[in-house]
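Results of the structural survey
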Amino acid sequence: MTECTSLQFVSPFAFEAMQKVDVVRLASLSDPELRLLLPCLVRMALCAPADQSQSWAQDKKLILRLLSGVEAVNSIVALLSVDFHALEQDASKEQQLRHKLGGGSGESILVSQLQHGLTLEFEHSDSPRRLRLVLSELLAIMNKLPSLLPIVDVAEALLHVRNGAWFLCLLVANVPDSFNEVCRGLIKNGERQDEESLGGRRRTDALRFLCKMNPSQALKVRGMVVEECHLPGLGVALTLDHTKNEACEDGVSDLVCFVSGLLLGTNAKVRTWFGTFIRNGQQRKRETSSSVLWQMRRQLLLELMGILPTVRSTRIVEEADVDMEPNVSVYSGLKEEHVVKASALLRLYCALMGIAGLKPTEEEAEQLLQLMTSRPPATPAGVRFVSLSFCMLLAFSTLVSTPEQEQLMVVWLSWMIKEEAYFESTSGVSASFGEMLLLVAMYFHSNQLSAIIDLVCSTLGMKIVIKPSSLSRMKTIFTQEIFTEQVVTAHAVRVPVTSNLSANITGFLPIHCIYQLLRSRSFTKHKVSIKDWIYRQLCETSTPLHPQLLPLIDVYINSILTPASKSNPEATNQPVTEQEILNIFQGVTGGDNIRLNQRFSITAQLLVLYYILSYEEALLANTKTLAAMQRKPKSYSSSLMDQIPIKFLIRQAQGLQQELGGLHSALLRLLATNYPHLCIVDDWICEEEITGTDALLRRMLLTNNAKNHSPKQLQEAFSAVPVNHTQVMQIIEHLTLLSASELIPYAEVLTSNMSQLLNSGVPRRILQTVNKLWMVLNTVMPRRLWVMTVNALQPSIKFVRQQKYTQNDLMIDPLIVLRCDQRVHRCPPLMDITLHMLNGYLLASKAYLSAHLKETEQDRPSQNNTIGLVGQTDAPEVTREELKNALLAAQDSAAVQILLEICLPTEEEKANGVNPDSLLRNVQSVITTNTPNKGMEEGEDNLLCNLREVQCLICCLLHQMYIADPNIAKLVHFQGYPCELLPLTVAGIPSMHICLDFIPELIAQPELEKQIFAIQLLSHLCIQYALPKSLSVARLAVNVMGTLLTVLTQAKRYAFFMPTLPSLVSFCRAFPPLYEDIMSLLIQIGQVCASDVATQTRDIDPIITRLQQIKEKPSGWSQLCKDSSYKNGSRDTGSMDPDVQLCHCIERTVIEIINMSVSGI
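Residues numbered from 1 in each chain as written. Predicted model: local features only at pLDDT ≥ 70, side-chain atom pairs only at ≥ 80, totals over all residues. Heavy atoms only, no water.

The name given to the chain in an unreviewed UniProt entry is Integrator complex subunit 2, with Colobus angolensis palliatus as the source organism.

**A short note on the nonpolar core**
Generally speaking, nonpolar side chains in soluble globular proteins are found buried as a group. If you look at the biggest cluster of nonpolar residues, it comprises 343 residues, and the most contacted ones within it are Leu210, Tyr611 and Phe1067. For this core, the element with the highest residue contribution is helix 34 (residues 602-621), accounting for 13 residues. Not counting residues up to four positions away in its chain, the partners in contact with Phe1067 are Ile1015, Leu1018, Ser1019, Cys1022, Ala1034, Ala1037, Val1038, Leu1074 and Ile1078. (Core = buried A, V, L, I, M, F, W, Y, C linked by side-chain atoms within 4.5 Å. Buried < 20%, exposed > 50% of the residue type's maximum accessible area, 1.4 Å probe, protein only. Helix = DSSP H or I, 4+ residues; strand = E, 2+ residues; numbered from the N terminus. Contact = heavy atoms within 4.5 Å.)

**Some remarks on the side chain of Ser11**
Mapped onto the elements, Ser11 comes out in the segment before helix 1 (12-20). Judged by its relative accessible area of 18%, Ser11 falls in the buried class. Excluding residues within four positions of it along the chain, Ser11 makes contact with Glu33 and Met213.

**What to know about the environment of Ala571**
Within the element layout of this structure, Ala571 appears in the loop between helix 31 (549-561) and helix 32 (578-584). Residue classification places Ala571 among the buried residues on the basis of a relative accessible area of 8%. Sequence spacing of Ala571 and Phe523 is 48 residues, and the spatial spacing of their C-alpha atoms is 9.0 Å.

**Points about unusual backbone geometry**
In this structure, the amide linkage connecting Thr543 to the following residue, Pro544, adopts the cis form with an omega of -5°. Phi at Val21 is positive, roughly 50°, even though this residue is not glycine. Locating Val21 in the fold gives a position in the loop between helix 1 and helix 2 (23-27). Not every positive phi belongs to a glycine, and Asn163 is a case in point at roughly 60°. Among the structural elements, Asn163 can be located in the loop between helix 10 (151-158) and helix 11 (164-174).

**Focus: the packing of aromatic side chains**
By the definition in use, this model includes 13 aromatic pairs. Judged by centre distance (6.1 Å) and plane angle (50°), the ring pair of Phe974 and Phe998 falls under tilted. Highlighted residues: Phe974 in helix 56 (residues 966-975) and Phe998 in the loop between helix 57 (982-988) and helix 58 (999-1003), separated in sequence by 24 residues. One exposure class covers both Phe974 and Phe998, and it is buried. (Phe/Tyr/Trp six-rings, centres within 6.5 Å; stacked < 30°, edge-to-face > 60°.)

**A look at the packing of helix 14 (residues 218-228) against helix 16 (residues 254-264)**
Across the interface, helix 14 lies against helix 16 with an axial gap of 12 Å and an inter-helix angle of 20°. Between helix 14 and helix 16, the angle falls in the class roughly parallel. Judged by the twist between their axes, the crossing of helix 14 over helix 16 is right-handed. From helix 14, Leu219, Arg222 and Val226 reach across to helix 16, where they touch Asp254, Phe258 and Leu262. Residue composition of the contact of helix 14 with helix 16, grouped by class: 4 nonpolar, no polar and 2 charged. (Axes fitted to C-alpha atoms, helices over the stretch in contact; angles between N-to-C directions. Parallel < 35°, antiparallel > 145°, perpendicular 65-115°, else oblique. Left-handed = near helix turned anticlockwise from the far one by under 90°. Nonpolar A, V, L, I, M, F, W, Y, C, P; charged D, E, K, R; others polar.)

**Quick word on the state of the cysteines**
Summed over the entire model, instances satisfying the criterion amount to 0 disulfides. The thiol of Cys945 is unpaired, and the distance to the nearest cysteine sulfur, on Cys952, comes to 9.0 Å. Judged by its relative accessible area of 21%, Cys945 is partly exposed. (Disulfide = S-S within 2.5 Å.)

Structural data, given as structure tokens:
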């Protein structure tokens, strides 16, 4: 900018007057200032204006008055009288000629051959010729530009002329509307790095002159620079000019904000562009006052020195009096109004050095170190400043180069440790720099240098490259001089917990330090108890959940179970006591005002629940390891788990999933593993119904009457049930409007009075409403509710005291649930509850036995017989697992057999004409006959009986059990059950088709009873599932029957074929292609029987003859089929011979098959 310094530029005052056409302000300009604006003013005064108002006429007169005293106006007037049309035509021809011949041509249309030099010719010429000379020179400069004299192109041409910046400013001042267009054009055509070339520097100088002329647009021009990523020096220069003008002392300067925004913004392209400007500026080795980079660094250094507490140097440390406290006079505090600015400067220098690669000078390094080791006031901004200073020391350890500077840093770090508690208490900031110090010390002790680098980058808010080797000196200072591991551990326990810890509290907290110390096992190594601190922190939590809490609990559990070293197996942390856990849940286990009684937040309760479940799971998972170390940590008692409302807490967590992060899903995983009976699918579906839209509508109907009913009133209403049903009906209907948690106080009254509902005469509506209330309560307190219900439904025996079962009793023996009052088996609403509990306890028993198996693993070496097998002392692991599976299978199959037995009608029901399979037989009769009305009338009563409803409930449960474990179905059918139930089970259990897989194996069993049961089962399955697979199994069964005919004795033949022959009718009904094989088999059986009795009875041969005739001509015997004597078997003689009876049975079977086939045709 030196070449134009002697020339006079248009002032900002004059340019603003031109922009606004402020004639009054123009009149106040001096003659030299006014002379620069004459071209525009003369044209305004002489040309016809578009504005014809009176005010403009007055302004025009004033302009003419101004111009009247200036002699140069006459020359400009002469220029305006030139024939511009002819001039434009000549200029166009000149431009075309230059394009055609090239820029070096000496010919010119505008100007004939010059007699003298260009300068003398200009001075001796008149105004039109002068204009042609200037135009000719401009075209010579702009010979490569496509259009004629656009102002942006003229501006580009002027950059190549001596004093071109001055000419450009005059041009823009006389056409003020073109300012933004010219600036954008110059920037867009500029270099990416303007300091690299002379042209770039000239362009930057020209734009700076323009912005000095119009300072209000300087920041807008700077924005164009950043947008185009061109001329970074111009952006810095404009910022420096603006910073000098704003004179802001206390606030953060515009220079700091601008450069920080470029380096720390989200635009990577801008960051790279400006970083290149910094690196290139350092490589040029031209750090003079004319360099924009040098000016920027100098300005930043001045700002830094301007906020230092005192002008001090590290040399003062040497001169300080040894008797006085070290450096008392030196360490004056940083002013509160300077703290924010100091933090901004530190971050900027970090970005310049870490991102842009700036290498600080000795002066800059010393002043930075003085600022970093200054002592701010105890405010939130002061805490932030100290954290930034500390991280900058870690990131740029090269700033500390001398022993004196190192001593200064150590003194400052010691001050940080000493003042940390005061800062936290005074500033009110939970995340203080004390936690960061602890965390860094722990990382240094565990040699986690990458974690320190991540911590530094996170605190500074930028990603910078830090070499781990650069931290070696800092590591030595921390681990040997300031923070030994024992000091770190002892100090961490005394750090107060964070009050109301949540994800809203950011920064580095005590929990981060404790987490790292737990990971490195420092507490157990130095025998420092951390249990109380963790317990207090868990109690002081709120939503949204802090992300460090779950990892803290996990690593704490690991430190409890796993010793720090094998040489010292007792070096573990202490678990939370049961009483402390119960204190957390006080007020949640029941009561009228559950939420009002709670002392701790739901977050604390869920975290403690997560701790307990994770602890128990980890204890089981590490059983072998602990046994090898001869350690047996104590497990939490079952009574404790019974007192924790797990399901209620899970429901609360379900509604807070967004605020709890991953805690809800982690709890569900632990429940599915350890408490599968609390994860029953039916319960989740029921909860959706209870908590859905219908529940909201019911709540809207809630009246004060429903809220006024107390458990005592409900008990009195139940007591009056034998004489008055209305009162209890009214109360329980009101209770259905309450939420699940509000129903908890009524649970004991509801369950204890269930036995009264078994008496005759109790309305079905009461039973159904009680069932509904029980299901609602099951969503919040299932385990406690199940125990109360099982105890309430025990059979009442006179003079025998009822046993009170516990949760543990029921998990060990789930079949206790079915040892209830026999009247429950014919009360569908209560039977539904019983089946629900049975399913839950069967699942709970599986989890209990699996846990018990793992718990007792470590006891095996000390016992002679761990599994109770005689003479087998060291049973392999697989044997114990197989025994457990066998026990569970026996338990499940026993439950299924009991339930199937319940489906059978009692003697009393049989006396009243109830038949368990009458409905199914009637349905079959509808399929096979044309008399549906009669069948439906016979089965109509069975549709409405309690037995039928109980059978449906049981079939639903059995279906679930078979689907969950098909081996149960296989085991039950290998054991067998009454054949009267086969129509019910096949039709009522949809999953019975899986029996087709193992029926061939069942038929192959040596026991005759199992073979008979398999064929009878198959006959019903073929009717229900007429599939290709069923056909192949049926064909196998017919072949097996034919084989057995040849090997069975007379007695066994009678015992086998008498119950299985009717099954052949079902085979033919389902699969007509088997007709020929089955008829042949029947004739073979008849022939075998006839041969056995040939010497005794002569009536058999006619029967065999009839069978042959029937097989050959079945249509001729259709009338005989309808004879009642054939159907009832009354045609037979009174013979009791088994073969004779079997022959008659064969004849009836054949006739029934023929009857079926003829009816089908």
